Amino acid sequence: MQEQMAKMLISMAMACAAVAAVAAVVMVWQKFQKHSPCEQALVLLYEFRHACATPLHVLRQISEHMALEMQAGLDQPGGSQLTMLPTFIEKLPNGSEEGLFYALDLGGTNFRVLRCLLGGPEARVVKQEHEEVPIPRQLMLGTSEELFDFIAMRLITFMQREGPEFHRGCNLNDQQIRELGLTFSFPIRQTSINTGILIQWTKGFKITDGVGKDVVTMLQSAMDRQKGWPQIRVAVLINDTVGTLAGGHYWNDDVMIGMILGAGANACYVEGNLPNDIQTKSGKMVVNMELGGFWSSHLPRTDIDEQLDNESVNPGDAAFEKLIGGMYLGEIVRRLLLKMAQEARLFGGVTLTKLKQPFILVTPEMSKMHADDSPDLIVVGKVLRDVFDIGQTELPVRRIVHIVCDTVTKRSARLAAAGIVGILKKIGRDGWSDEVGVSGTLKPLRRNSERTARPELKRTIVAMDGSLYEHYNRFRIYMQAAVHELLSEAAARKLVIELSKDGSGVGASILAACHSERKHSAHT
Ligand code: BGC
C-alpha cells in the first residue's frame, strides 16, 4: 500500500516537473518572440562569435599542436591527419636554369598552361606565355579520363602555338619532346619526383575514379590518345605549394615555406630533420603538409561548421581547410544568414530560395560586403539583393551581415596565422623554440650562467599565393596582425610573407628545368 502511494507521489512529482519545464520553455519562447528580428539575430550572432573566438592562448595551443602533428605525420605515415607527404624535391632552383619549359597547373575550377623561356642567372625569365582554361562543371563530377582528355586537348592546342621566339638560345626544334612541370593540387602520395598516386579529390571535385592511380600516367595516356605533335615528358609532379616555394626560391634562397591560401589551403616547407627511411644527399627535402587536413580539438568549430562538413563531398576530411579556405568562407556566412532568417526572421517575409542554395555566396562577393565602409553599407545591401534576391534591407540588418562576414574571416585569418607559426615552430624559427621543443614539453630552465646566447634567427620568407590572400584585404590584415601577436619580436622581424603571384605555374616550369634530362644546374 505504502509502495503504491510512493509510486503515485513520484509520478505526480514527475508530471509537475514536466509541466514546469514546458511552462519555462513557453515563457522563454514568448519573451524571445517579443524581441525584434534583429535582437533575435544578435543572440544567434553572439553565440556564433563566441564559438568562433580565437584568443591568443587558443592560437598558441593550435600552433603548438600543429608542430606536434607535423612531427607525428613525419614519423609515421598515417600518424597524423597532416599527411606530411615527401615530395622527392631536394634541389630547388637557384636562378641558373636555362631553356624552354612548360607547366600545367591544375587544382581548382580553372587550369593553366604555361611556357617559360629561362635565360640563366643574368637574363632569368626571358619570356613567358600562359592561358587559363575554365573546367566545365560536369567534368569535375565525371570520370578522370574525361577530365584528362579535356586537359590534354587544351595543352596540345596551346603547345602548337609555340612561336620561334621561345627557341632562342636553347637548340630546340619542333620535333623534340617538351619537358613539363605538372602542378596537381590535390593530395598525392609521391613515389618519385615524377610519379604519384592520387589520395583523394578535394575542393568540390567528385570524380568517380582516379584515386589510387598515378597522375602522370593519367595525363600521359590522355596525351597519347590525342596523338601527334607535340610530345611531353613530365619532369616533375608537384603540389601548387611546392611550385610556389620553388618560384620564390628561384629569386631568393631565404624562401623556406610555400603556402596557398585560395579556394583550398595548404603549405610545404624545407624539412631538414627527415625520418630515417627518407634518405637524401643533402639531408633535406620539401614536404607537402596537406595542411588543410589538420585537426585539433582546440579548433573553434561551431554547429554551422559541423553541418557544412556533414553535407560536404568529403565529410570528416579537410577540417582545417573547411575553416580557412576561400571555398568555404562564403558558404559559412550563407548558412548562418539562413539560420538567422529561419529562426529570427532577420530578412522578414522574403522567399529564401536563393539563400537556401549551397555555395551561392562566393568569397569574392563576401569580401565586397566586408570591405564596405560606407555609412549605409550600400554594398552589403547590393550583394544581398544580387546574390540572394533579398531587396530592401534595413541598416541594422546590413550591419549584422557585415559582422557575420567579419567574424568568419577573422577566424579564418587568425587560424591561418597559427598555421604559419606552427611551421616556424617546427623548424625552430619562431623565436621561442629554443625553450619549447616540438614535443611540447618545456626544457628544464637553465640557470643564467648556463644560458648560451641564442643564435641569431635566420630570415625566413614565406612565398604566398592564392586569391584569398591576394584579394581579400581584411583577411590579409587580420592574418598579419595575428602572426605578429604570436611571434616573439625578434622572430616577427625575421619573417617576411611575400606574395608570389601565380608562382605555382612558373615555379613548376622552373622546377622542370631544374630536373631536366637535358641539363642539371641547380642546388638546394
Ligand atoms: C589540396 C592541396 C592544395 C590546396 C591549395 C587543397 O584542397 O588538397 O593539395 O595544395 O588545396 O590549392
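Residues numbered from 1 in each chain as written. Predicted model: local features only at pLDDT ≥ 70, side-chain atom pairs only at ≥ 80, totals over all residues. Heavy atoms only, no water.

Visitor: Let's hear about the environment of Thr143: which residues, and what values?
Guide: Inspection of the secondary structure assignment puts Thr143 in the loop between α5 (137–140) and α6 (144–160). Exposure remark for Thr143: the relative accessible area of 27% places this residue in the partly exposed category. Sequence separation between Thr143 and Asp209 is 66 residues, and the spatial gap between their C-alpha atoms is 6.0 Å. Ignoring anything within four residues of it in the chain, the contact list for Thr143 reads Ile207, Thr208 and Asp209. (Helix = DSSP H or I, 4+ residues; strand = E, 2+ residues; numbered from the N terminus. Buried < 20%, exposed > 50% of the residue type's maximum accessible area, 1.4 Å probe, protein only. Contact = heavy atoms within 4.5 Å.)

Visitor: So what about the nonpolar core? Which residues, and what values?
Guide: The biggest cluster of nonpolar side chains holds 114 residues, and the ones touching the most others in it are Leu261, Met289, Leu337, Met340, Phe347 and Met479. For Leu261, the contacting residues outside a window of four places in its chain are Ile324, Ala416, Met464, Asp465, Gly466, Ser467, Leu468, Tyr469, Phe475 and Met479. One finds Val113, Phe150, Phe166 and Leu172 within the second-largest nonpolar core, a separate group that totals 41 residues. (Core = buried A, V, L, I, M, F, W, Y, C linked by side-chain atoms within 4.5 Å.)

Visitor: Talk me through the site of the ligand; I want residue IDs and the actual numbers.
Guide: Around the ligand lies a shell of 13 residues, among which Lys203, Asn239, Asp240, Glu290 and Glu321 are the nearest. Between Glu321 and the ligand, the recorded distance is 2.9 Å, taken from a side-chain N or O atom to an oxygen atom. When isolated, the ligand has an accessible area of 310 Å², and the protein chains bury 97% of it. Residues that form the shell around the ligand fall into these classes: four nonpolar, five polar and four charged. (Near = heavy atom within 4 Å. Polar contact = N/O pair within 3.5 Å; in protein donor to acceptor, adjacent residues only side chain to side chain. Areas by Shrake-Rupley, 256 points an atom, 1.4 Å probe, with all protein chains shown as cover. Nonpolar A, V, L, I, M, F, W, Y, C, P; charged D, E, K, R; others polar.)

Visitor: How would you summarise the packing of aromatic side chains if you had to cite specific residues and measurements?
Guide: Evaluated as defined, the whole model comprises eleven aromatic pairs. When the centroid spacing of 6.1 Å and the interplanar angle of 85° are considered together, the rings of Phe111 and Phe150 count as edge-to-face. Pair noted here: Phe111 is in strand β3 (residues 110–119) and Phe150 is in helix α6, with a separation of 39 residues, a long-range link. A relative accessible area of 0% means that Phe111 is categorised as buried. Residue classification places Phe150 among the buried residues on the basis of a relative accessible area of 16%. Centre to centre, the rings of Phe186 and Phe205 are 5.0 Å apart; their planes meet at 70°, and the pair counts as edge-to-face. Residue Phe186 is located in the loop between β5 (178–184) and β6 (188–192), and its partner Phe205 is located in the loop between β7 (195–198) and α7 (215–226); the two are separated by 19 residues in the primary sequence. The residues Phe186 and Phe205 share a single accessibility class, namely buried. Ring pairing ties together the aromatic residues Phe148, Phe184, Phe186, Trp201 and Phe205, which thus form one cluster. Geometry around Phe166 places Arg115 over its ring, the cationic atom sitting 5.4 Å from the centre. (Phe/Tyr/Trp six-rings, centres within 6.5 Å; stacked < 30°, edge-to-face > 60°. Lys NZ or Arg CZ within 6 Å of the ring centre and 35° of its normal.)

Visitor: Explain empty space enclosed by the protein to me, using residue names and the numbers behind them.
Guide: Inspection of every chain in the model, using the stated rule, returns three cavities of 30 Å³ or more. Roughly 50 Å³ of internal volume is contained in the largest cavity. Taken together, Leu85, Pro86, Thr87, Phe186, Ile188, Gln190, Ile238, Asn239 and Asn288 make up the lining of the largest cavity. Along the lines of polarity and charge, the residues of the lining of the largest cavity split into five nonpolar, four polar and no charged. For the second largest cavity, the full set of lining residues is Leu424, Arg429, Leu457, Lys458, Thr460, Ala491, Lys494 and Leu495. Class assignment for the residues of the lining of the second largest cavity results in four nonpolar, one polar and three charged. (1 Å grid on protein atoms, 1.4 Å probe; cavity = no way out; pocket = protein on both sides within 12 Å on 5 of 7 lines; lining within 4 Å. Points joined across faces, edges and corners; volume = space filled by probe spheres on them.)

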